[in-house]
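Spelled out, the chains give:
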Amino acid sequence: MIELGKKVVVTGVPGVGKTTVINGAMERLAAEGVAYEAVNFGTFMFDVARKESLVSNRDEMRKLGKDVQKRLQQAAASEIAAMSADANIIIDTHSSVKTPAGFLAGLPEWVLRELMPDVVVLVETDPDQILMRRLGDASRVRDMEGARAIAEHQEFNRAVSAAYAMYTGCTIKIVRNENFLLERGIDDLVDVLR
Ligand code: AP5
């Protein structure tokens, strides 16, 4: 039996497979009659950015000025917070976003205040696996970077997530999504969601 109104934030560097793990977990839970709604934070931001003709694809958003990205974050957080308080929600987003000006917190204070997550999940795997997944995904305009830079981004995500735990009292869960072991990652996320 899960409590109602659970908010689970799922994060990970681009291409780590967070959406794949979320979809697998939702499918598993639906078969057990546990209802979750999954929302993609970037899609809420992109809807506003596209209406204002700021970008033509979602991968351009991380290149926008810091203040513009902050405004888009605020708009997305308010819309998600306005969803039913009783709904169990998975928020697919980023602990930090790599911008030309440096790492931007994905869940700054004005976003956390709206979402107040119960858990922040970090989906991780080995940097070379992430690199290969990015190279194999022609549907996105990925920033090309080496395994070392991907490792640094994952380290930064852990560090900034500690601040999210301090601010909200949420727990931080690391879920590994390794090649050939997707089902294990799904098992771990299901345990968090139940
Ligand atoms: P978003 O849409 O979340 O972009 P993303 O991180 O690039 O997410 P993806 O969905 O492309 O990657 P994924 O990790 O979910 O991987 P996937 O499951 O597809 O965000 C878009 C933009 O919005 C951001 O760039 C940012 O600008 C903005 N944004 C979002 N949140 C924000 C915030 N809070 N603040 C500011 N800006 C924000 O899998 C990738 C590939 O790997 C697939 O081909 C898949 O088949 C494969 N794969 C997955 N798992 C495995 C496995 N176990 N073994 C082998 N292959 C696997």
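Structure shown above.
A few points on the structure. Because the structure is predicted, anything quoted here is derived from the model rather than measured.

### A look at the site of the ligand
Next up, step 1: Taken together, 27 residues are adjacent to the ligand, and Thr-19, Thr-20, His-94, Arg-140 and Arg-142 come closest.
Next up, step 2: Thr-93 has a polar side-chain atom sitting 2.8 Å from a nitrogen atom of the ligand.
Next up, step 3: His-94 places a polar side-chain atom, nitrogen or oxygen, 2.8 Å from an oxygen atom of the ligand.
Next up, step 4: Notes on the ligand: free accessible area 1100 Å², of which the protein chains cover 85%.

### A look at the sheet that holds strand E1 (residues 7-11)
Next up, step 1: The strand order across the open sheet formed by five strands is E2-E3-E1-E6-E7, and the pairing between neighbours is parallel. A single partner strand is all that each edge strand has here, and the edge strands are strand E2 (37-40) and strand E7 (171-176). In this sheet, neighbouring strand axes are inclined to one another by 25 degrees on average, regardless of whether the strands run parallel or antiparallel.
Next up, step 2: In the sheet, E1 pairs with strand E3 (residues 89-92) via four bridges, with the strands oriented parallel. When the bridges of E3 are listed, Val-10 appears paired with Asp-92.
Next up, step 3: Lying on the sheet, helix H2 (residues 41-51) is in contact with E2 and E3; it crosses E2 at an angle near 50 degrees.

### Regarding the pattern of salt bridges
Next up, step 1: With the rule as written, the count across this model stands at 17 salt bridges.
Next up, step 2: Measuring nitrogen to oxygen at the nearest pair gives 3.3 Å for the salt bridge that ties Asp-59 to Arg-62. Residues Asp-59 and Arg-62 agree in their burial class; the two are buried.
Next up, step 3: Arg-142 is the partner of Asp-137 in a salt bridge, and the nearest nitrogen-oxygen pair spans 3.0 Å.
Next up, step 4: On the accessibility criterion, Arg-142 (17% relative accessible area) is buried.

### With respect to the nonpolar core
Next up, step 1: Val-39, Phe-41, Met-61, Ile-80, Ile-91, Leu-107 and Leu-115 are the most contacted members of the largest nonpolar core, which totals 28 residues.
Next up, step 2: For this core, the secondary structure elements donating two or more residues are H2, helix H3 (66-81), E3, helix H4 (109-115), strand E6 (119-124) and helix H6 (147-168).
Next up, step 3: The biggest single contributor to this core is H2, with six residues.
Next up, step 4: Counting 23 residues, the second-largest nonpolar core is a separate cluster that includes Val-16, Ala-25, Leu-131 and Leu-193.

Cut-offs applied
Residues numbered from 1 in each chain as written. Predicted model: local features only at pLDDT ≥ 70, side-chain atom pairs only at ≥ 80, totals over all residues. Heavy atoms only, no water. Near = heavy atom within 4 Å. Polar contact = N/O pair within 3.5 Å; in protein donor to acceptor, adjacent residues only side chain to side chain. Areas by Shrake-Rupley, 256 points an atom, 1.4 Å probe, with all protein chains shown as cover. Pairing = 2+ DSSP bridges. Helix = DSSP H or I, 4+ residues; strand = E, 2+ residues; numbered from the N terminus. Axes fitted to C-alpha atoms, helices over the stretch in contact; angles between N-to-C directions. Contact = heavy atoms within 4.5 Å. Salt bridge = Lys/Arg side-chain N within 4 Å of Asp/Glu carboxyl O. Buried < 20%, exposed > 50% of the residue type's maximum accessible area, 1.4 Å probe, protein only. Core = buried A, V, L, I, M, F, W, Y, C linked by side-chain atoms within 4.5 Å.

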